[in-house]
Amino acid sequence: MTTMNFLEKDQKLSLDKLRNVLVRLEDTIIFALIERAQFKQNEIIYVQGAFPFDNEPDFNGSFLDYFLLETERIHAQVRRYTSPDEYPFNDNLPAPVLPALDFANHLIPNKINVNHHVKSMYLLNILPSLCAPGDDSNHGSSATRDVECLQALSKRIHYGKFIAEAKFQADPEKYTTLIKARDTTALMALLTNELVEERLLRRLRRKAEIYGQEYADESDVDEPAPVPSTSADGAATNGTNPSRKRRRSSTSDGTKRRIDLDMVVRLYKDFVIPLTKKVEVDYLLLRA
Ligand SMILES: C=C(O[C@@H]1C=C(C(=O)O)C=C[C@H]1O)C(=O)O
């Protein structure tokens, strides 16, 4: 199970299934980062007011803010944000044009949304080490990739609500005692699973190493071309064309990477996991 089907009424929250969803979201996040890393930082798209939007005279945000808002406006109309695992970065989005779906109700009512933290973490701490400095004019492409990164990170981090609910259901007495005492330190300690975190960071580095490798297509390398078993003059050959040598696409360490492994691990260690756990604690505190 790599996704939760929130339309299934009898599907109970399972910590294992939820963890599998987080594992699958690692792939989504790594590939979204790889896509953004193709372009330079293009800092101007993050500068408030740097681009005039004639069709939106009252809008005074950055180019990315504009693209994110317009993206969320259209996604809201196809009811993206009615799904229990989707959280927008903007308020005041249009109503869906599609009829409401009857989702299973796993969580207690809450308005927890940490996307302001997600966005500032991404722009201030991730982007500068993800992309080369400078401007390559790929402003639209950079913004589209930024939106994909932000949406994937937001989804992953807000899954903390489901994780917290599953943990509460597994031990309601212990959690209720700490919630009533508003003991956030003890709550954080109780919900923390260091073994899961350590395994995640090891897996993440390995995934980034594999997904981030440049693949040298067969047509890009001088493979020894197979030749007929006998040459034109009829002499037996060894089946290869000695004149073509294999051109390696690798660098000195044997691989050319599209993403910095340490950056990916740091993203999770310093930001994604702590923010997920903050969502878990914030959600549990509502459960008193
Ligand atoms: C998500 C969980 O809760 C915590 C947060 C984790 C994370 O964000 O990766 C991993 C383990 C826990 O410390 C979990 O227990 O799986």
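Up top is the structure these notes are about.
Just so it is clear, the structure is predicted and the values come from calculations on it, not from any experiment.

1. As for the environment of L201
1) Next: On the secondary structure map, L201 appears in helix α8 (residues 194–211).
2) Next: Placed 53 residues apart in sequence, L201 and E148 show a C-alpha to C-alpha distance of 22 Å.
3) Next: Among all residues touching L201, those that are not within four sequence positions of it are V265, Y268, K269 and I273.

2. Overview of helix α2 (residues 63–77)
1) Next: Helix length check: α2 (15 residues) gives 22 Å between terminal C-alpha atoms against 21 Å at 1.5 Å per residue, within 8%.
2) Next: Of all the positions in α2, only F63, L64, Y66, L68, L69, T71, E72 and A76 are classed as buried.
3) Next: Elements that come into contact with the buried residues of α2 comprise α3 (115–130) and α4 (139–158).
4) Next: Taking the backbone nitrogen of L64 as reference, a side-chain oxygen 3.4 Å away marks S62 as the first, capping residue of α2.

3. Observations regarding the pattern of salt bridges
Two side chains with opposite charge may pair up if their charged atoms get near one another.
1) Next: This structure, assessed with the given rule, holds 19 salt bridges.
2) Next: A salt bridge links R205 to D262; its shortest N-O distance comes to 2.7 Å. Placement of R205 in helix α8 and of D262 in helix α9 (residues 261–285) is noted, with a sequence separation of 57 residues between them.
3) Next: Look at R205 and you get partly exposed, because its relative accessible area is 33%.
4) Next: Judged by its relative accessible area of 44%, D262 is partly exposed.

Calculation notes
Position numbers for residues count from 1 along each chain, tracking the sequence in the order it is written. Totals for whole chains, interfaces and linings use all residues, but because this is a predicted model, local features are given only for residues with pLDDT of at least 70 and pairs of side-chain atoms are given and counted only at 80 or more. Side-chain descriptors were evaluated using all non-hydrogen atoms of the structure, hydrogens and water having been removed beforehand. Where helices and strands are cited, they refer to DSSP runs of H or I of at least four residues and of E of at least two residues respectively, numbered from the N terminus. Throughout, a residue-residue contact means that at least one pair of heavy atoms, one from each residue, lies within 4.5 Å. Here the expected length of a helix is defined as 1.5 Å per residue gap, with one fewer gap than residues. Burial classification: accessible surface area is computed with a 1.4 Å probe over protein chains only, and a residue below 20% of its type maximum counts as buried, one above 50% as exposed, and the rest as partly exposed. Under this definition, polar contacts are N or O atom pairs within 3.5 Å; protein pairs additionally need one hydrogen-donor-capable and one acceptor-capable atom, and for neighbouring residues in sequence, both atoms have to be side-chain atoms. The salt bridge criterion pairs a side-chain nitrogen of Lys or Arg with a carboxyl oxygen of Asp or Glu, the two atoms within 4 Å.

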